[in-house]
Amino acid sequence: MIPTLNEAATVAAAVAAAQLGLGECEVIVVDAGSTDGTAAAAAAAGASVVTAAGTRAAAMNLGASMTTGDVLLFLHADTVLPVGAAAAISAALRSSGAGAFRIRFDRPRPLLEWLANLRSQLFKVVYGDQALFVSRAAFDRAGGFRPIPIMEDRDLAGRLRRQGGLAIVPLAVTTSDRRHRDGGSMRTLARIWLIQLLYVLRVPPERLARRYPPVR
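Below is a summary of the structure that appears in this document. (Residues numbered from 1 in each chain as written. Predicted model: local features only at pLDDT ≥ 70, side-chain atom pairs only at ≥ 80, totals over all residues. Heavy atoms only, no water.)

Some remarks on the overall build of the chain
Note the threshold: Helix and strand labels come from DSSP, where a helix needs a run of H or I of at least four residues and a strand needs a run of E of at least two; each type is numbered from the N terminus. Restricting the calculation to C-alpha atoms gives the radius of gyration, and the globule rule supplies 2.2 Å times the number of residues raised to the power 0.38. Burial classification: accessible surface area is computed with a 1.4 Å probe over protein chains only, and a residue below 20% of its type maximum counts as buried, one above 50% as exposed, and the rest as partly exposed. Residue contacts are counted whenever heavy atoms from the two residues lie within 4.5 Å of one another.
For the chain, the count of helices and strands is ten helices and eight strands. Computed over its C-alpha atoms, the radius of gyration of the chain comes to 16 Å, within 12% of the 17 Å expected for a compact globule of 216 residues. Along the three orthogonal principal directions, the C-alpha set of the chain runs to about 40 × 40 × 35 Å. For the chain, with 216 residues in total, the buried portion stands at 51%. Intrachain contacts of the chain at a sequence separation of at least 6 include 76% that bridge at least 24 residues.

Focus on empty space enclosed by the protein
Where we set the bar: The pocket and cavity definitions rest on a 1 Å grid over protein atoms only: a 1.4 Å probe that fits but cannot leave marks a cavity, an open set with protein on both sides within 12 Å along at least five of seven lines marks a pocket, and residues lining either have an atom within 4 Å of a point. Grid points are joined across faces, edges and corners, and a volume is the space filled by probe spheres set on the points. Residue polarity is assigned by list, with Asp, Glu, Lys and Arg as charged and Ala, Val, Leu, Ile, Met, Phe, Trp, Tyr, Cys and Pro as nonpolar; anything else, Gly included, falls into the polar class.
Counted under the stated rule, the structure contains one cavity of 30 Å³ or more. Of the pockets and cavities examined, the largest cavity occupies roughly 40 Å³. For the largest cavity, the full set of lining residues is Met-60, Phe-74, Leu-75, His-76, Gly-128, Leu-132, Phe-145 and Asp-153. Each residue belonging to the lining of the largest cavity can be placed in one class, and the counts come to five nonpolar, two polar and one charged.

Side note on helix H4 (residues 85-93)
Quick reminder of the rule: The arc refers to the directions leading from the helix axis to the C-beta atoms.
Those residues of H4 not exposed but buried are Ala-85, Ala-88, Ile-89 and Ala-92. For H4, the arc enclosing every buried residue in end-on projection is 100 degrees, short of the 170-degree limit, so these residues lie on one face.

Concerning unusual backbone geometry
Residues other than glycine seldom take positive phi values, yet Ala-131 does so here, at roughly 55 degrees. Mapped onto the elements of the fold, Ala-131 is located in the loop between helix H5 (110-123) and strand E7 (133-135). By relative accessible area, which is 0% here, Ala-131 ends up buried. One non-glycine residue, Met-151, lies in the positive phi region at around 65 degrees. With respect to the helices, strands and loops of the structure, Met-151 is situated in the loop between helix H6 (136-142) and helix H7 (152-164).

Observations regarding the environment of Ala-43
Within the secondary structure, Ala-43 sits in helix H2 (residues 38-44). The class for Ala-43 is partly exposed, based on a relative accessible area of 42%. C-alpha of Ala-43 to C-alpha of Ala-12: the two residues are 31 residues apart in sequence and 8.5 Å apart in space.

Some thoughts on the sheet that holds strand E3 (residues 48-51)
Within a sheet, each strand pairs with its neighbour through backbone hydrogen bonds, oriented either parallel or antiparallel. To keep things clear, this is the line we draw: Each pair of strands is called paired provided DSSP finds at least two bridges between the two strands. All axes here are fitted lines through C-alpha atoms, helices being fitted over the stretch that makes contact, and every angle between N-to-C directions spans 0 to 180 degrees.
Strand order in this open sheet of three strands is E1-E2-E3, and the pairing throughout is parallel. Among the strands making up the open sheet, the edge pair consists of strand E1 (2-4) and E3. For this sheet the average axis-to-axis angle between neighbouring strands, irrespective of direction, equals 25 degrees. Across the sheet, helix H3 (residues 56-66) is in contact with E1, strand E2 (28-31) and E3; its angle to E2 comes to roughly 145 degrees.

Some points on the packing of aromatic side chains
Defined as follows: Centre distance within 6.5 Å is the pairing criterion for rings of Phe, Tyr and Trp, where only the six-membered ring of Trp is used; planes under 30 degrees apart are then read as stacked, over 60 as edge-to-face, and the remainder as tilted.
What the rule picks out here adds up to four aromatic pairs. In this structure an aromatic cluster arises from ring pairing among Phe-74, Phe-139 and Phe-145.

Written out as C-alpha cells, the structure is:
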C-alpha cells in the first residue's frame, strides 16, 4: 500500500522494490490527485492505482480494503524494501501480529539512523517510513488507521504493539533523506522531535496538523 501525492520521481522505484522484495503481491497506490504524473508512473511500474483525496490514514485504509492478501504492508513512496523482505516478514509474523523494518537513508546519516533504530529496538516506537506490516486479522482487530491527520502511523503501531506484539526485523529499508536536505538536518530533526513530544503529551493530532502540516 503506497499513499502518494506528487511522487512521480520516486514511486516507480518503490513499486519495483516491493515487487522484488515481496515476490508475488498486490501493490496498490492510492493517489491524492497528483499533477506530476505519479499515477501514470505507478501504473507503468505495475501497481494498481486508485485516486482518493484526503488524509494518508484514509488512503491506507482504502488501500487495505481493496486487497485480498492475509498480510498488509504500508510503504512510503520514497522508501524501498530490501531483497528478502518477504522472508523477514513471514518470520516476524510467526511470533508477532505486526512489525517494521530498521531504517537507513539513501545518503549516509549514521547518527540519525542509529537513533531511529535504537528507538525502534528498545521501545518498539515506529513510523511509516519503516514499512509497517501487519496480518490482516491484527489490522482488523485494531480497527485500522484512526481518522487523524498526523501521527496515524505511530498511533496504529502503538495499538498493534499492545494488542499482539510488534517485531523489528533485522533488514533495513532505504528511505530518502530529502526532508533533511531540504529543511536542514538539525532544524528538521528538532521539528520531528517536537512533534513527537507534543504527541506524547497528548496534544490533539488535529492541533499538531494545523501547526505542522503533514506530507501525504
